[in-house]
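Residues per chain, in single letters:
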Amino acid sequence: VPHLAALARQLPLPNYYMMSWLTAHLARLAYYADVNKMTLNNLALIFCPTLQLDSSLFTMLVRNSVHVF
């Protein structure tokens, strides 16, 4: 996680803020998965192709968004 945080800090500021907001939002969606049926795996299925991220990286970013950003 510290390595991911270091890489995230290298992003241009607008990209950093957007990724920070997006991962926090996705973490909130996953938190309410019992209500909205959007588990982290379901979110990865939808967002990984769009963001061009590996599912393991996506999962790590969302699960640790507070620590990465």
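Check the entry above for the structure.
Residues numbered from 1 in each chain as written. Predicted model: local features only at pLDDT ≥ 70, side-chain atom pairs only at ≥ 80, totals over all residues. Heavy atoms only, no water.

Chemist: Just to check I follow, could you spell out the overall build of the protein chain for this structure?
Modeler: Helices and strands together make up the secondary structure of the protein chain, namely six helices and zero strands. Reading the helices (α) and strands (β) of the protein chain from amino to carboxyl end gives α-α-α-α-α-α. A globule of 69 residues ought to have a C-alpha radius of gyration of about 11 Å, and the protein chain, at 12 Å, matches this closely. Taking the principal axes of its C-alpha atoms as reference, the protein chain extends roughly 35 × 20 × 20 Å. Residues counted as buried form 28% of the 69 residues belonging to the protein chain. At a minimum sequence separation of 6, the contacts of the protein chain that also span at least 24 residues come to 49%. Accessible surface computed for the protein chain: about 4900 Å², of which carbon and sulfur atoms make up 64%. (Helix = DSSP H or I, 4+ residues; strand = E, 2+ residues; numbered from the N terminus. Rg over C-alpha atoms; globule rule 2.2 N^0.38 Å. Buried < 20%, exposed > 50% of the residue type's maximum accessible area, 1.4 Å probe, protein only. Contact = heavy atoms within 4.5 Å. Areas by Shrake-Rupley, 256 points an atom, 1.4 Å probe, with all protein chains shown as cover.)

Chemist: In this structure, what is going on with the packing of helix H2 (residues 13-31) against helix H4 (residues 40-51)? I would like to understand it.
Modeler: At a closest axis distance of 10 Å, the pairing of H2 and H4 adopts a crossing angle of 155 degrees. In this view, H2 runs roughly antiparallel relative to H4, as classed from their interaxial angle. Where H2 crosses over H4, the handedness of that crossing is right-handed. Where H2 approaches H4, its residues Leu 22, Leu 26, Leu 29 and Ala 30 are matched on the opposing element by Leu 40, Leu 43, Phe 47 and Leu 51. In the contact of H2 with H4, the residues fall into eight nonpolar, no polar and no charged. (Axes fitted to C-alpha atoms, helices over the stretch in contact; angles between N-to-C directions. Parallel < 35°, antiparallel > 145°, perpendicular 65-115°, else oblique. Left-handed = near helix turned anticlockwise from the far one by under 90°. Nonpolar A, V, L, I, M, F, W, Y, C, P; charged D, E, K, R; others polar.)

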